Amino acid sequence: AAMAWPDKFYISSGGPDELATGQLVSRNFFEVFETHSVLGQLFTEEPGDSAREDSAAVISYDYWQRHFAGDRGVIGRKLLINHAPITIIGVAVSGFFGARPESRPDFWLPLTVQSTVHYHDHYSSSTTADPTQPWPPQENINWLQLVARIRETAALPPFTAVINRVLRQDIE
């Protein structure tokens, strides 16, 4: 799965803006972590599925409790994230935080909303890259971290060898 660094976003659910921690993730992010939702659904790669929409968000269980008092009617409600309208499609299971226990995002968004929500932090680029434009089609912008789940212990050494080879090539 791929993920951007967790970052602060302005978010509103009808009241004044507040800062909340969000993370942009690939559609298979929750699948890699083998987690589920307690309400609604998580992102999916299935065509035609509402969890496939770019304007979708999954909120954390803690955020759901703090800001919506555990209201089961939260699915379908709109949030303004950096002034972009985003629809809540799911609530992550209690205790789920993703790959970084110290960050504990309040919500997750699909990577494809990078330009919509104006995510510009934590990237390295060449002098020709334009951080104000959508990043995926541009060359020389590095803003994603990758995470993999290795199911078989025997697969770890060959996987590590491939990753190390790619890393050496990047360094060179």
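Up top you'll find the structure we're talking about.
Residues numbered from 1 in each chain as written. Predicted model: local features only at pLDDT ≥ 70, side-chain atom pairs only at ≥ 80, totals over all residues. Heavy atoms only, no water.

Caption draft 1: Fine view of the nonpolar core. The biggest cluster of nonpolar side chains holds 26 residues, and the ones touching the most others in it are Leu24, Ile59, Ile81, Leu109 and Val117. Within the residue set of this core, elements represented by two or more residues are strand 2 (7–12), strand 3 (18–25), strand 5 (56–59), helix 2 (61–68), strand 6 (78–81), strand 7 (84–92) and strand 8 (107–110). If one sorts the elements of this core by residue count, strand 7 sits on top with four residues. Every residue in contact with isoleucine 81, bar those within four places of it in the chain, is listed here: Phe9, Tyr10, Ile11, Ile86, Phe107, Leu109 and Val117. (Core = buried A, V, L, I, M, F, W, Y, C linked by side-chain atoms within 4.5 Å. Buried < 20%, exposed > 50% of the residue type's maximum accessible area, 1.4 Å probe, protein only. Helix = DSSP H or I, 4+ residues; strand = E, 2+ residues; numbered from the N terminus. Contact = heavy atoms within 4.5 Å.)

Caption draft 2: Main features of unusual backbone geometry. For glutamate 34, which is not glycine, the phi dihedral falls at a positive 50 degrees. On the secondary structure map, glutamate 34 appears in the loop between helix 1 (29–32) and strand 4 (37–40). Using a relative accessible area of 46% as the deciding quantity, one classes glutamate 34 as partly exposed. In this model, asparagine 82 sits at a positive phi of 50 degrees, which is unusual for a non-glycine residue. Here asparagine 82 is to be found in the loop between strand 6 and strand 7.

Caption draft 3: Just the side chain of aspartate 106, in detail. Within the fold, aspartate 106 resides in the loop between strand 7 and strand 8. Side-chain polar atoms of aspartate 106 contact the side chain of arginine 66, separated by 2.8 Å. Apart from residues no more than four positions distant in its own chain, aspartate 106 is found in contact with Ala20, Thr21, Ile59, Ser60, Tyr63 and Arg66. (Polar contact = N/O pair within 3.5 Å; in protein donor to acceptor, adjacent residues only side chain to side chain.)

Caption draft 4: View of the environment of alanine 2. Looking at the secondary structure, you find alanine 2 in strand 1 (residues 2–3). On the basis of relative accessible area, alanine 2 is assigned to the buried category, the value being 11%. Sequence spacing of alanine 2 and leucine 111 is 109 residues, and the spatial spacing of their C-alpha atoms is 8.4 Å. Setting aside chain neighbours within four positions, we find alanine 2 in contact with Val25, Ser26, Asn28, Phe29, Leu111, Leu144, Gln145 and Leu146.

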